[in-house]
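# Coordinate analysis (summary)
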Amino acid sequence: MRLSSLIPATLLAFSSLVIAADAESDVISLTSDNFEKSVKKEDLMLVEFFAPWCGHCKALAPHYEEAATTLKDKNIKLAKVDCVDQADLCQSHGVQGYPTLKVFRNGTPTDYNGPRKADGIVSYMVKQSLPAVNDVGANHDEFVKSDKLVVVAYAKKDEPVSKEFAEVAQKNRDDYLFGHVTDADVTAAAGVTPPQIVVYRTFDDERTEYPLPAKGAKARELEEWIQELSIPVIDEVNGENYGLYASSEKPLAYLFIDRTQENFQEQIDAIRPIAKEFKGKMNFVWIDAVKFADHGKALNLHEAKWPAFVIQDVKKQLKYPMSQGEQVTPTNVQDWVERYLKKELKPELKSEPIPESQDEPVFVLVGKQFDEVVFDDSKDVFLELYASWCGHCKRLKPTWDQLGEHFAPIKDRVTIAKMEAQQNDLPPSAPFRVAGFPTLKFKPAGSKEFLDYEGDRSLESLVSFVEENAKNDLTFPPPTEKVETEGDGKQAPISSENATEGGKHDEL
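Notes on the structure follow. For clarity, every value in this text was computed on a predicted model and none was experimentally measured. (Residues numbered from 1 in each chain as written. Predicted model: local features only at pLDDT ≥ 70, side-chain atom pairs only at ≥ 80, totals over all residues. Heavy atoms only, no water.)

## A word on the packing of helix H7 (residues 160-171) against helix H9 (residues 219-230)
The criterion, for reference: Lines fitted to C-alpha atoms define the axes here, with helix axes fitted over just the stretch in contact, and angles between the N-to-C directions of these axes take values from 0 to 180 degrees. To qualify as a helix, a DSSP run of H or I must reach at least 4 residues; to qualify as a strand, a run of E must reach at least 2; elements of each kind are numbered from the N terminus. By definition in this entry, angles of less than 35 degrees are roughly parallel, angles greater than 145 are roughly antiparallel, angles of 65 to 115 are roughly perpendicular, and the rest are oblique. Less than a right angle of anticlockwise turn of the near helix away from the far helix marks a crossing as left-handed, whereas a clockwise turn marks it as right-handed. The contact rule is simple, with two residues in contact once any of their heavy atoms fall within 4.5 Å. Note that Gly is not counted as nonpolar here; it falls among the polar residues with everything else outside the nonpolar set of Ala, Val, Leu, Ile, Met, Phe, Trp, Tyr, Cys and Pro and the charged set of Asp, Glu, Lys and Arg.
Close contact between H7 and H9 brings their axes to 8 Å; oriented N to C, the two are set at 50 degrees. In terms of orientation, H7 lies oblique with respect to H9. At the point where H7 passes H9, the crossing takes the right-handed sense. In this structure, H7 uses Glu 164, Phe 165, Glu 167, Val 168 and Lys 171 to contact H9, whose residues at the interface are Ala 219, Leu 222, Glu 223 and Ile 226. The residue makeup of the contact of H7 with H9, split by class, is five nonpolar, no polar and four charged.

Okay, here's the thing in structure tokens:
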């Protein structure tokens, strides 16, 4: 953003204050003039690409500042790029949303996949600054307490398990802290018989040894064991750790509680033994029902009545809420979990009412009609799954309406549809889940396969995609020839005598 000579003096004065304030920040401001030079000279640097108007960026800002101050003493620099002022620079780095964070190692970027709170940013970047595997000696006791989960191998460097351990560490360095002990005295003081691998945690059991003979451990087995231990028996779920559960193959059991109630901790402790019993088959969490009331609605909890319990098949996004008319007791929860695992429960599917009429150019689909409409083998179906609040969806709407209008003459062969995905659940028959909005899926006639649309959202590209993938004949019927009516109300064919100038009518 360039300052014009016509900008009022008061605004220039304000700008100088902003610049002065920015100069006091421990976050470095980068532009196209200093970006390459700055990132290439640093062994490690975290860069935030942001927009001043972005709400998520504003929420991140104080945490980013705090982390920058803390990491300054560790010689790890944090920087930022204003993508409104430096649009070309952001575009050249593939920035498509705000904020985008990237870790640079001597100028080479990788995606930042860590938390967005100050302590999480610090922990993540400290791990990035260390080798994938740290040599641990006299600092053993301090090292094993330096993060929520620390993995230590007690073995000689040339043992096969050390190689497998190093492979796991390299792959998972962003998530966990790895150490290696070769000193016999340190190993003995830790009470370990080598070769052995031990996980140290700040939650649940503080210390867990690898259950099989460690000398024969393989990388995949080690990784799965560590991932299993990384998830607490029952923990609070929020924006910081939800990804850990979402990436798991296991169902997720939610205990919704009002933490202002005096006995809220007792409610958690009552469920803990059940969570521990079924940990290998299901992950348990508790969630602030007041703060995340909308998440409760998304899981089909219709009343603000707490505590409440619901199981979600994360992979298929199916929900199994316990009736809010029942008390959430350990007995009832255990029974609900057992019935779920025996596949005795049916998912509760949310659906809007079936529209009384279809007056829009696009077919308005609801959950109750999904199978009937989408799996109609006689038609090619192009479906938009959207959310009413989504800005990208709002921008797509006029183009999607035009697409519906374009194929309206052959709607007996091609269905252009849309479904509000937060008001209507996908049924188990749908072989895909919605990860973002809008999601565009195309099902060719006579097929059960859904194709992802990933092109640009112009009308021309959308039409071309349908034409390339449709199985039905897309030949449009000839336009109906217009006729004029005579004075007696009878239709008369258009002839050279009654035609408009030029001898024909143009169809619009």
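Once the structure has been displayed, the description carries forward.
## Details of unusual backbone geometry
Cis peptide bonds are those with omega within 30 degrees of zero, and the linkage from Pro 194 to Pro 195 qualifies with -10 degrees. Examined against the element boundaries, Pro 195 turns out to sit in the loop between helix H8 (184-189) and strand S9 (196-201). The step from Trp 306 to Pro 307 runs through a cis peptide bond, and the omega angle for that step is 5 degrees. A positive phi angle, close to 60 degrees, is found at Asn 75, a residue other than glycine.

## Thoughts on helix H16 (residues 459-469)
What counts is decided by this rule: When accessible area is computed with a 1.4 Å probe and restricted to protein chains, residues below 20% of their type maximum are described as buried, those above 50% as exposed, and intermediate ones as partly exposed. Directions are taken from the helix axis to each C-beta atom, and the arc is the one they span.
All buried positions along H16 are accounted for by Leu 462, Val 463, Phe 465 and Val 466. Down the axis of H16, the sector holding all buried residues measures 155 degrees, keeping them to one side. Exposed positions of H16 whose direction lies more than 90 degrees from the buried face are Glu 460 and Glu 468. Looking at the buried side of H16, the elements it contacts are strand S17 (380-386), helix H15 (391-406), strand S18 (414-420), strand S19 (439-443) and strand S20 (451-452).

## Notes on the sheet that holds strand S13 (residues 283-288)
Short version of the rule: DSSP calls a pair of strands paired once it identifies at least 2 bridges connecting them.
Sheet architecture is open: five strands sit in the order S11-S13-S12-S14-S15, paired in mixed fashion. Looking at which strands have only one partner, the edges of the open sheet turn out to be strand S11 (234-236) and strand S15 (318-321). With strand direction ignored, the average angle separating the axes of adjacent strands in the sheet is 25 degrees. Examined bridge by bridge, strand S14 (residues 308-313) and S15 share four bridges and lie antiparallel to one another. Considered in S15, the bridge of Val 310 is made with Pro 321. Sitting on the sheet, helix H11 (residues 264-277) is in contact with S11, strand S12 (252-257) and S13, with an inclination near 160 degrees to S12. This element, helix H13 (residues 330-341), spans S13, S14 and S15 of the sheet and lies at about 15 degrees to S14.

## Things to note about empty space enclosed by the protein
Here the idea is plain: a probe the size of a water molecule rolls over the atoms and shows the empty space left. Which entries qualify depends on this criterion: Grid spacing is 1 Å over the protein atoms alone, the probe is 1.4 Å, and a cavity is where that probe fits but cannot get out, while a pocket is an open set with protein on both sides within 12 Å along at least five of seven lines and lining residues have an atom within 4 Å of a point. Grid points are joined across faces, edges and corners, and a volume is the space filled by probe spheres set on the points.
Applying the stated criterion to the full structure yields two cavities of 30 Å³ or more. Within this model, the largest cavity holds a volume of roughly 40 Å³. Along its surface, the largest cavity is lined by Lys 305, Pro 307, Ala 308, Phe 309, Met 322, Ser 323, Gln 324, Glu 326 and Val 328. A volume near 40 Å³ is recorded for the second largest cavity. Forming the boundary of the second largest cavity are Lys 127, Pro 131, Ala 132, Asn 134, Arg 173, Tyr 176, Leu 177 and Phe 178. Partitioned by chemical class, the residues of the lining of the second largest cavity number five nonpolar, one polar and two charged.

## Let's talk about the state of the cysteines
Every disulfide links exactly two cysteines, by a covalent bond between their sulfur atoms. Note the threshold: Here, a disulfide means two cysteine sulfur atoms that sit within 2.5 Å of each other.
Applying the stated criterion to the full structure yields one disulfide. The partner cysteine of Cys 83 in its disulfide is Cys 90, sulfur to sulfur 2.1 Å. Measuring the twist about the S-S bond at about -90 degrees, one finds the Cys 83-Cys 90 disulfide to be left-handed. The pair formed by Cys 83 and Cys 90 is uniform in burial state, with each residue classed as buried.

## Looking at the pattern of salt bridges
Which entries qualify depends on this criterion: Within this document, salt bridges are pairs made up of a side-chain nitrogen of Lys or Arg and a carboxyl oxygen of Asp or Glu, the two lying within 4 Å of each other.
As enumerated under the stated definition, the model contains 20 salt bridges in all. The residue Lys 171 makes a salt bridge to Glu 223 at a minimum N-O spacing of 3.3 Å. Taken together, the residues span a long stretch of sequence, with Lys 171 in helix H7 and Glu 223 in helix H9 at a distance of 52 residues. Residue classification places Glu 223 among the buried positions, given a relative accessible area of 13%. Glu 236 serves as the salt-bridge partner of Arg 259, at 3.1 Å between the closest nitrogen and oxygen. Taken together, the residues span a long stretch of sequence, with Arg 259 in the loop between S12 and H11 and Glu 236 in strand S11 at a distance of 23 residues. Judged by relative accessible area, Arg 259 falls into the partly exposed class, the value being 36%. Taken together, the salt bridges that share partners define one network made up of Glu 228, Lys 250 and Lys 279.

## Side note on helix H3 (residues 55-72)
The criterion, for reference: Between the first and last residue of a helix there are one fewer steps than residues, each counted as 1.5 Å, and that sum is the expected span.
Between its first and last C-alpha atoms H3 spans 26 Å; for 18 residues at 1.5 Å apiece the expected length is 26 Å, and the two agree. If you follow the buried residues of H3, they end up packed against strand S1 (27-29), strand S2 (45-50), strand S3 (77-82), strand S4 (100-105) and helix H5 (118-129).

## As for the sheet that holds S20
The strand order across the open sheet formed by five strands is S16-S18-S17-S19-S20, and the pairing between neighbours is mixed. Of all strands in the sheet, those bounded by a partner on one side alone are strand S16 (363-364) and S20. Where S16 meets S18, two bridges bridge the pair, whose relative direction is parallel. Pairing of Val 364 across the sheet is with Lys 418, part of S18.

## A few points about the nonpolar core
Nonpolar side chains in soluble globular proteins tend to be buried together. Heads up, the condition is: Put simply, a nonpolar core is a bunch of buried Ala, Val, Leu, Ile, Met, Phe, Trp, Tyr and Cys residues held in one set by side-chain atoms that sit within 4.5 Å of each other.
Ranked by internal contacts, the top residues of the largest apolar core, which has 25 residues, are Phe 284, Phe 309, Ile 311, Val 333 and Val 337. Elements that contribute at least two residues to this core include exactly S12, H11, S13, S14, S15 and H13.

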